[in-house]
Amino acid sequence: MQEIIRKKRMEKNLSQKDLAEYLGVTASAVSKWEKGKALPDVTLLGPLARLLKVSLEELLSFQRELSPEMEKGYLEELHRKLKEEPYMEAVHWAREILLTYPSSYHLILWVTSLLESHTVMSQEKVPDENKDLFEKWYLRALENGEEKERLLAAERLYYFYLRDENYKKAEEMLTYFSQENPQWKRKKALLKTKTGNLEEAWKTYEELLFATFQMANETFQEMTVLAMKEKDIDRAKLLIEKQTALAKAFDMGLYYEASPRLELAVYEKDPGETKRIAQEMLKGIENLDHFTRSPLYTHMTFKPFSPDFKKEMGENLLEALGDQETFGYMEKEELEQVQKSFQEGWNKTGG
C-alpha cells in the first residue's frame, strides 16, 4: 500500500502535508504510511482512495506493473484454460489474477476481452453476474487507465452495451472519441442502425464514405509528389494508377479520374499526354457534379455547382496551360485545340 500512496500522491503533485490536511492527520502519519511503518486507519481508506482516484481494491492490494513477458504469460494461460477447462473456472482464475494486479489496466482490458469474446464466439449465455463483472473491469480501465487504455476501454464498452441492447450507454461511450475520428462516425451509424433510425444511418455512412475518399485522394496526391521529388517515377505511376482507381470506385466522375495524371505528364514533358489529359479534365468539368447524383451518396445534400463556377474552373485550367514556365513544351496549336474543344463542349451544354 505504501507504494501506491506515494506514487499517486506524487502524480497529483501533492505534498505529504497536503494529503495530511485533506485527511485530518499529521504529515508525520503520511510519512509513516509511505515508509511502510504504519497503515491508515480503516475509516480513512475511502477518502484516501477518492483523493488518489484509485479503487479500494487497488489501494489495498497494489502490485507493481507487470512486465510485458508476465502479461503475455497470463494471457496465454487464460487462452489455454478457455480451451481446456470449464468456462467458469477460467473466469475465477482471471478474477484472482486481476485482484493481484488491479492497476494493470492493459491486462484488465485483454483478460476481459478474451472472456467476453469467448462467450460471443461460443454463443454461450453469459450469467448476469459475469456481465456485471466484465462491465466493472472495463469501467475500471476507462476511469483509471492511460489515454490509450481509456479509448480501448470505451470501444470495448461500446460493443459490450451494443450487444446488450443498452443503446443509451453505448452512445455515452462515443463521447470518449473525437468527432473528427472516422471511427466515431462509423460507430454512430451502427448505433443509428440498431435503433431503427435508418435514414440517418445511411446519411452518416455516406458522409464517412465521402470523407474517406477526400482523405485518401489527398494522401495519394502528396505521396505522388514525394515520389516524383525522389525521381521514383515507377512508384509515382503506381500511385497515380491507384488514385485514378480510387476516383472510379467512389464514383467521383471523369475530372477526378483524369486530374491525377496531369502532374506526371508535365514532369515528363509529354505534349500528347498533356493534351489528352487536359481535354479529359475539361470534359469532366462539364459534369463536375457527377458524384452528387451517384447512388453512393443518395442521402447526402450537396450544394449545386453553378454553370458559372464550372466555366470559371475550365477557364482557369486553360489559363494555367498557357503558363510557359510549366507548359512551355506544348505547341501553340495543341493549346488552341484544347481550348477549342472545351468551348465547343461548353456550347453544347448550353453554358
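Residues numbered from 1 in each chain as written. Predicted model: local features only at pLDDT ≥ 70, side-chain atom pairs only at ≥ 80, totals over all residues. Heavy atoms only, no water.

Colleague: Please explain the packing of aromatic side chains as it appears in this structure.
Modeller: Aromatic ring pairs are defined here through the distance separating the ring centres and the angle between the ring planes. Within the structure shown, the criterion is met by 18 aromatic pairs. With 6.1 Å between their ring centres and 70° between their planes, Tyr138 and Phe160 make a pair best called edge-to-face. With Tyr138 in helix α9 (residues 128-144) and Phe160 in helix α10 (residues 147-163), this pair connects stretches of sequence that are 22 residues apart. You can call Tyr138 buried: its relative accessible area is 0%. Taken together, the ring pairs in this structure connect Phe210, Phe213, Phe250, Tyr255, Tyr256, Phe291, Tyr297, Phe302, Phe305 and Phe309 into an aromatic cluster. (Phe/Tyr/Trp six-rings, centres within 6.5 Å; stacked < 30°, edge-to-face > 60°. Helix = DSSP H or I, 4+ residues; strand = E, 2+ residues; numbered from the N terminus. Buried < 20%, exposed > 50% of the residue type's maximum accessible area, 1.4 Å probe, protein only.)

Colleague: Would you explain the pattern of salt bridges in this entry?
Modeller: Two side chains with opposite charge may pair up if their charged atoms get near one another. Applying the stated rule across the entire model yields 20 salt bridges. With a shortest N-O distance of 3.2 Å, Arg80 and Glu85 are connected by a salt bridge. A salt bridge links Arg163 to Glu116; the nearest nitrogen and oxygen atoms lie 2.5 Å apart. Of this pair, Arg163 sits in helix α10 while Glu116 is found in helix α8 (residues 105-122), placing the two residues 47 residues apart along the sequence. Here Arg163 falls in the partly exposed class, since its relative accessible area comes to 44%. Since its relative accessible area comes to 7%, Glu116 is described here as buried. (Salt bridge = Lys/Arg side-chain N within 4 Å of Asp/Glu carboxyl O.)

Colleague: How should I be thinking about unusual backbone geometry in this particular structure?
Modeller: Trans is the common state for peptide bonds, and a negative phi is the common state for residues other than glycine. At Glu165, a residue that is not glycine, the phi angle is positive and equals roughly 60°. Within the secondary structure layout, Glu165 lies in the loop between α10 and α11 (167-173). With phi around 50°, Lys269 is a residue other than glycine that occupies positive phi space. Of note, Lys269 is situated in the loop between α16 (262-267) and α17 (271-286).

Colleague: What is the right way to read helix α4 (residues 45-52) from this model?
Modeller: For the α-helix, the turn length of 3.6 residues means that residues three or four positions removed from each other point alike. By the burial criterion, the buried members of α4 are Leu45, Leu48, Ala49, Leu51 and Leu52. Here the buried residues of α4 occupy an arc of 165° about the axis, which is enough to place them on one side. At the exit of α4 stands Lys53, carrying a positive phi of roughly 55°. (Arc of directions from axis to C-beta.)

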